[in-house]
Amino acid sequence: MAADALLEGLDEAQRAAVTSDAAPLCVHAGAGSGKTRVLTRRIAHRAEAGDLDPRHTLVLTFTRKAAGELRQRLRGLGLRDDVAAGTFHATAYAQLRAWWADRNVEAPRLLDRKRGVVAERLGRRRDLVGDVVAEIEWASARAIAPADYAERAARAGR
């Protein structure tokens, strides 16, 4: 797709983000404001201008669904070469697997579902699985170390 066509339908702020030569560029915008459109058009625009090689471009997202949508939109914009798009976690884990493989170290096993592991540990108290998982997620989101959990949970009224 021609560079000018990639700017069609964009408002002034979106057009500025797509054509900016800033690297990196941070776009702050609310839900439904066109961030994905800006991101895909920026990548396609820079590829069209010769400023980037799509094969050496990594786009990080929060969900697998968003990564798939980004790849699909980029193909729709005419990018013949795939951009690497994935979640933060999947991309980081792929890098770690490569690092471990280079050193002949076996990669640790990832848990598919934490509920099963928690249920196994709780034994007869499986009725508490949901509550325990919720607490683990609460503490994890706040980077609370296990040794600090009881004090921080009490302080938060949990």
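By convention here, each chain's residues receive numbers from 1 onward along its written sequence. Only residues with pLDDT of at least 70 get local features here, since the model is predicted, and only at 80 or more are side-chain atom pairs given and counted; chain-wide, interface and lining totals rely on the full set of residues. Water and hydrogen atoms were dropped before computing side-chain values, which therefore reflect all heavy atoms in the structure.

Overview of the packing of aromatic side chains
What counts, and what does not: By convention, a stacked pair of Phe, Tyr or Trp rings (six-membered ring in the case of Trp) has centres within 6.5 Å and planes under 30 degrees apart, an edge-to-face pair has planes over 60 apart, and any other such pair is tilted. Buried residues are those whose accessible area, probed at 1.4 Å on protein chains only, stays under 20% of the maximum for their type, while exposed residues exceed 50% and partly exposed ones sit between those limits. A helix here means a DSSP run of H or I that spans at least four residues, while a strand means a run of E at least two residues long, and both kinds are numbered starting from the N terminus.
Applying the stated criterion across every chain, the model contains 3 aromatic pairs. Aromatic pair Tyr93 and Trp100: ring centres 6.2 Å apart, planes at 70°, arrangement edge-to-face. Taking relative accessible area as the criterion, Trp100 reaches 14% and is therefore assigned buried. Centre to centre, the rings of Trp138 and Tyr149 are 6.3 Å apart; their planes meet at 80°, and the pair counts as edge-to-face. Here Trp138 is found in helix H6 (residues 129-141), whereas its partner Tyr149 is found in helix H7 (residues 149-155), with 11 residues between them in sequence. You can call Trp138 buried: its relative accessible area is 11%.

So, the environment of Thr63
By secondary structure assignment, the location of Thr63 is in the loop between strand S1 (58-61) and helix H3 (64-76). Take Thr63: its relative accessible area is 41%, and that puts it in the partly exposed class.

Details of the pairing of strand S2 (residues 84-87)
For clarity, the threshold we go by: For two strands to be treated as a pair, DSSP must find at least two bridges joining them. Assignment of crossover handedness uses the view with strands pointing away from the viewer, where a clockwise path from the first strand over the helix to the second indicates a right-handed crossover.
Direction of pairing for S1 relative to S2: parallel, over a ladder of 4 bridges. Residue pairing across strands places Leu58 opposite Ala84, the latter belonging to S2. At this point the chain moves from S1, through H3, to the parallel S2, and the crossover so formed is right-handed.

Describing the pattern of salt bridges
Our working definition: Each reported salt bridge corresponds to a side-chain nitrogen of Lys or Arg within 4 Å of a carboxyl oxygen of Asp or Glu.
Applying the stated criterion across every chain, the model contains 8 salt bridges. Here Arg125 makes a salt bridge to Asp127, at a shortest N to O gap of 3.2 Å. Judged by relative accessible area, Asp127 falls into the exposed class, the value being 57%.

Focus on the side chain of Thr57
The criterion, for reference: Whenever a nitrogen or oxygen atom comes within 3.5 Å of another N or O atom, the pair is scored as a polar contact, on the condition that within protein one atom can donate a hydrogen and the other can accept it, and that pairs from neighbouring residues in sequence are kept only if both atoms are in side chains. Contact criterion: two residues are considered in contact whenever any of their non-hydrogen atoms come within 4.5 Å of each other.
As for its placement among the helices and strands, Thr57 is situated in the loop between helix H2 (35-49) and S1. A distance of 2.9 Å separates a polar side-chain atom of Thr57 from the backbone oxygen of Asp53. Those residues in contact with Thr57 that lie beyond four places of it in its chain are Leu52, Val83 and Ala84.

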